[in-house]
Amino acid sequence: MDDLDVSAKCQASHPTRGSVGNRQLCADIVPEQRALTTLNGTFATDDNNCAVQAYERHFHDSLERLHGEQRYRVFADIERISGRFPAAKWRRSDGTVTEITVWCSNDYLGMGQHPEVVSALTATAHRCGAGAGGTRNIAGNSSPLVDLEGELADLHGKEASLVFTSGYVSNQASISTIGKLIPECVVLSDAFNHNSIIEGVRQSGCEKRIFRHNDLGHLEALLREAGDRPKLVVFESVYSMDGDVAPIGGICDLADRYGAMTYLDEVHAVGLYGAHGGGISERDGVMHRVTVIEGTLAKGFGCIGGYISASRSVCDAVRSFAPGFIFTTALPPPIAAAARASVRYLKHSSAEREAHQRQAAATKRALLAAGLPVLPTETHIVPVIVGDAELCKAAADRLLERHAIYIQPINYPTVPRGTERLRITPSPYHGDAHIAELTAALAETWDTLSLA
Ligand code: PLP
């Protein structure tokens, strides 16, 4: 029985029922599913069984579609082993456990297991307990959170910082709020921006213009076109799938010339670049020129949470107006303390950053020497292109099952179709022996699956 049959059956038993409200519900679902509801209002029925079947069928069909497009995601059950980064345990569905090497973690420097970070976490949990106790409106600011915000403002040389529960939320909440607060604002957004930025721009309700990725000429044309309206340029420093870097200084020059604000996502750079881990903008000496710097505590800093660093008034405005900040429980004190320990540590230690760059370069050299299709990058990200969703998944499965190497396949919509890849992220703890093992495993996998 297909969807229409289910609806028709329910409709037959309740021919007069229907509801605009339910139509609206369905209008929010995927387009091809709308027709069913506009036809007959299936979901408004006293026969709950029929309605449940219709709803279930929609979920089932949506998943079938994902399977058909080779886009259904399977998450491996991986438990990281503290103190032995990048080793982890992989538990199969039959319960058996194998020790594996993780090659795709965004805990880029292994800071999630650093002794200073772990001891800040546990000491604060013993002192304050596990949770925050509510939104900041209700529970107030915890001291570890206030200290963390001070640490982050200092890292980026800004007046203030505001911490959120994730990097995703920080983009969504901040961009949408900044955009809403500036009348007639036009947002100029890089074509390769992350989904959290896209959502922030969408929710701002602002007119948006997309500039070609890292294309200063195109950005300038759009800035000129926007005339004397207020403008916000939104972009990333390190683009995480291709590993390329934005011309931050050039974008700041244009922003100055055309009177625009700048919002820079440094999620894949904080902790990793710059003398103190302030990101690419610190490395390039342009941190002070960027209006808002956004970062995560979950990648280079190894914990969880996100933030913006900016002027006192920008941070206070976002704090005061952003629903994504106001109406959600604050980051727990142990996490705030752990994140602060990580930020502080990386401000003063460059050893991890140097080893990270060294091992990333060594990995690229080894894979290229083995004839593997490594996308050239100037950063720590090492994409190896497969170009087919099914083969990409097959390669990842083989690496895990046969070689005990975990690399999550990256498929559409995270990257365009035809550019499916294995995204490898070497860390300071991937030694030369790990690199040799990875190279041999990839070469064997490429041969066996006849990959190009
Ligand atoms: N911004 C970019 C560019 C990202 O790639 C991501 C996540 O990968 C985020 C923001 C979200 O950060 P978080 O993982 O802390 O939510």
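Here, the structure is the one placed above.
As a starting point, this report considers the structure included with it. Quick caveat, the model's predicted, so the values are computed rather than measured. (Residues numbered from 1 in each chain as written. Predicted model: local features only at pLDDT ≥ 70, side-chain atom pairs only at ≥ 80, totals over all residues. Heavy atoms only, no water.)

Helix and strand content of the protein chain: 18 helices and 14 strands. Burial analysis of the protein chain (452 residues in total) assigns 51% to the buried set. Contacts in the protein chain between residues at least 24 apart in sequence constitute 70% of all its contacts with a sequence separation of at least 6. Accessible surface computed for the protein chain: about 20100 Å², of which carbon and sulfur atoms make up 53%. (Helix = DSSP H or I, 4+ residues; strand = E, 2+ residues; numbered from the N terminus. Buried < 20%, exposed > 50% of the residue type's maximum accessible area, 1.4 Å probe, protein only. Contact = heavy atoms within 4.5 Å. Areas by Shrake-Rupley, 256 points an atom, 1.4 Å probe, with all protein chains shown as cover.)

Let us now look at a nonpolar patch on the surface. A surface patch of nonpolar side chains, about 260 Å² in accessible area, is lined by Leu-63, Tyr-72 and Val-74. Judged by relative accessible area, Tyr-72 falls into the partly exposed class, the value being 37%. (Patch = residues over 30% accessible without salt bridge, like charges linked within 9 Å, V, L, I, M, F, W, Y side chains within 5 Å. Salt bridge = Lys/Arg side-chain N within 4 Å of Asp/Glu carboxyl O.)

Now for the nonpolar core. Counting 50 residues, the largest nonpolar core has Leu-148, Val-233, Phe-235, Ile-248 and Leu-297 as its most contacted members. Elements with a minimum of two residues in this core: helix 7 (143-156), helix 10 (216-225), strand 7 (231-236), helix 11 (248-258), strand 8 (260-265) and helix 15 (333-348). Core analysis: the next-biggest nonpolar cluster, separate from the first, contains 29 residues, Leu-400, Ile-407, Leu-438 and Ala-441 among them. (Core = buried A, V, L, I, M, F, W, Y, C linked by side-chain atoms within 4.5 Å.)

Around the ligand, 13 residues are found, and the nearest of them are Gly-167, Tyr-168, Asp-265, His-268 and Thr-296. A distance of 2.7 Å separates a nitrogen atom of the ligand from a polar atom in the side chain of Asp-265. Here an oxygen atom of the ligand and a side-chain polar atom of His-268 are 2.6 Å apart. Starting from 380 Å² of accessible surface for the ligand in isolation, the protein chains cover 85%. A per-element tally of the shell around the ligand places helix 8 (residues 167-181) first, with 3 residues. Broken down by class, the residue content of the shell around the ligand amounts to 3 nonpolar, 7 polar and 3 charged. (Near = heavy atom within 4 Å. Polar contact = N/O pair within 3.5 Å; in protein donor to acceptor, adjacent residues only side chain to side chain. Nonpolar A, V, L, I, M, F, W, Y, C, P; charged D, E, K, R; others polar.)

For helix 11, the set of buried residues is Ile-248, Gly-249, Ile-251, Cys-252, Leu-254, Ala-255 and Tyr-258. Backbone geometry just downstream of helix 11 places Gly-259 in the positive-phi region, at approximately 65°.

In this section: helix 16 (residues 351-369). Each full turn of the α-helix corresponds to 3.6 residues, which orients residues three or four apart in the same direction. The first and last C-alpha atoms of helix 16 sit 27 Å apart over 19 residues, in line with the 27 Å expected at 1.5 Å per residue. Taken as a whole, helix 16 has its buried residues at Glu-352, Arg-353, Ala-355, His-356, Gln-359, Ala-360, Ala-362, Thr-363, Lys-364 and Leu-367. Of the surrounding elements, those touching the buried residues of helix 16 are helix 15, strand 11 (382-385), strand 14 (421-424) and helix 18 (432-448). (Expected span 1.5 Å × (residues − 1).)

For the rest of this paragraph, the subject is the sheet that holds strand 1 (residues 77-80). Spatially, the 4 strands line up as an open sheet ordered 1-2-3-12, and their pairing is mixed. Whereas interior strands pair on both sides, the edge strands pair on one side only; in this sheet they are strand 1 and strand 12 (405-406). Bridge count for strand 2 (residues 87-91) against strand 3 (residues 97-102) is 5 bridges, and the pairing is antiparallel. Across the sheet, the residue bridging to Lys-89 is Glu-99, located in strand 3. (Pairing = 2+ DSSP bridges.)

Position of Pro-230 among the secondary structure elements: in the loop between helix 10 and strand 7. Once the C-alpha coordinates of Pro-230 and Cys-185 are considered, the two residues, 45 residues apart in sequence, prove to be 4.7 Å apart. Ignoring anything within four residues of it in the chain, the contact list for Pro-230 reads Ile-182, Pro-183, Glu-184, Cys-185 and Val-186.

So, about the pattern of salt bridges. Side-chain pairs of opposite charge can arise whenever the charged atoms involved come near each other. Counting across every chain of the model gives 25 salt bridges. Because the salt bridges share partners, they merge into one network encompassing Asp-147, Glu-151, Asp-154, Arg-340 and Lys-347.

Remark: helix 10 packs on helix 11, axes separated minimally by 10 Å, with the N-to-C direction vectors making an angle of 15°. For the element pair helix 10 / helix 11, the angle class is roughly parallel. At the point where helix 10 passes helix 11, the crossing takes the right-handed sense. Along the contact surface, helix 10 presents Leu-216, Leu-219, Glu-220, Leu-223 and Arg-224, while helix 11 presents Gly-250, Ile-251, Leu-254, Arg-257 and Tyr-258. When grouped by side-chain class, the residues that make up the contact of helix 10 with helix 11 number 6 nonpolar, 1 polar and 3 charged. (Axes fitted to C-alpha atoms, helices over the stretch in contact; angles between N-to-C directions. Parallel < 35°, antiparallel > 145°, perpendicular 65-115°, else oblique. Left-handed = near helix turned anticlockwise from the far one by under 90°.)

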